[in-house]
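A structural walkthrough
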Amino acid sequence: MSWSTMFKPWRIWKEISSLSQRVKGKKLEGNYKGEGLKTGGVIIFGKDGSAKYAYPEFFGYELDMDDFLAAVEAVRNEEITPVSDAAAAATTNEEL
């Protein structure tokens, strides 16, 4: 929601009404209790266990499925390269 929308109450009402219709159309239910400002998201981990991609939730917007599926496919196709003892030791020494 932009700043210009915030200063126009009728636009805020229109945005909220639009979101409400979208939620009803998807037959989603909620109790409107709890912390309403906390959002979720999706984190995709690689085969090595490290986080590769993150998609935070933005209220009112759907997840871009093309980007999401491309990230899943990228992780699915990645190869695990074994870390040699020397490389692991060098990384450990650099972190200190």
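Just above, that's the structure.
An account of the accompanying structure is given in this report. (Residues numbered from 1 in each chain as written. Predicted model: local features only at pLDDT ≥ 70, side-chain atom pairs only at ≥ 80, totals over all residues. Heavy atoms only, no water.)

1. Some remarks on the overall build of the chain
The condition that has to hold: Comment: elements are numbered from the N terminus, with helices defined as DSSP H or I runs of at least four residues and strands as E runs of at least two. Accessible area is worked out with a 1.4 Å probe on protein chains only. A residue is then buried under 20% of its type maximum, exposed over 50%, and partly exposed in between. By definition in these notes, contact holds between two residues if any of their heavy atoms fall within 4.5 Å. Accessible areas in this description were obtained via Shrake-Rupley with a 1.4 Å probe; residue shielding takes into account the shown protein chains only.
The helix and strand inventory of the chain stands at four helices and two strands. Across the chain, helices and strands are ordered from the amino to the carboxyl terminus as α-α-β-β-α-α. In the chain, which comprises 96 residues, the share counted as buried stands at 7%. Residue pairs at least 24 apart in sequence account for 37% of intrachain contacts in the chain once pairs closer than 6 positions are excluded. Of the roughly 8800 Å² that the chain leaves accessible, carbon and sulfur atoms contribute 58%.

2. So, the nonpolar core
Note the cut-off: Here, nonpolar core means buried Ala, Val, Leu, Ile, Met, Phe, Trp, Tyr and Cys residues that are tied together by side-chain atoms lying within 4.5 Å of each other.
Membership of the largest hydrophobic core is limited to five residues, which are Ile-44, Tyr-55, Phe-68, Ala-71 and Val-75. Top element by residues in this core is helix α3 (residues 65–77). It accounts for three residues.

3. Let's talk about the pattern of salt bridges
In plain terms, the rule: Salt bridges are counted wherever a side-chain nitrogen of Lys or Arg sits within 4 Å of a carboxyl oxygen of Asp or Glu.
One pass over the full model with this rule turns up three salt bridges. Close ionic contact of Lys-52 with Asp-48 constitutes a salt bridge, the shortest N to O distance being 3.7 Å. Its relative accessible area of 36% is what places Lys-52 among the partly exposed residues. Two residues, Glu-73 and Arg-76, come together in a salt bridge whose shortest N-O distance is 3.4 Å. Note that Glu-73 and Arg-76 are positioned in helix α3 at a spacing of three residues, about one turn of the helix. Its relative accessible area of 35% is what places Glu-73 among the partly exposed residues. The exposed category is assigned to Arg-76, whose relative accessible area is 54%.

4. Focus: the pairing of strand β1 (residues 41–45)
The condition is simple: When DSSP locates at least two bridges between a pair of strands, those strands are taken to pair.
Note that β1 and strand β2 (residues 51–56) share five bridges and pair antiparallel. Note on β2: the bridge partner recorded for Val-42 is Tyr-55. Counted along the chain from β1 to the antiparallel partner β2, the turn is five residues long, and its residue Gly-49 has a positive phi close to 90°.

5. Brief notes about α3
Under the convention used in this document: What a helix is expected to span follows from its residue count: subtract one and scale by 1.5 Å. Summarising the geometry, the arc corresponds to the directions from the helix axis toward the C-beta atoms. Definition of a polar contact: a pair of N or O atoms within 3.5 Å, with one able to donate and the other able to accept a hydrogen when the atoms are protein atoms, and with sequence-neighbouring residues admitted only if both atoms are side-chain atoms.
Compared with an ideal rise of 1.5 Å per residue, which puts 13 residues at 18 Å, α3 spans 18 Å between its outermost C-alpha atoms and is within 8% of the ideal. Buried within α3 are the following residues: Phe-68, Ala-71 and Val-75. All buried residues of α3 project into a common sector of 65° when viewed along the axis, lining one side. Exposed positions of α3 whose direction lies more than 90 degrees from the buried face are Asp-66, Arg-76 and Asn-77. You can read the cap of α3 off the contacts: a side-chain oxygen lies 3.2 Å from the backbone nitrogen of Asp-66, and it is on Asp-64.

Function cannot be read off these values alone, since they describe shape.
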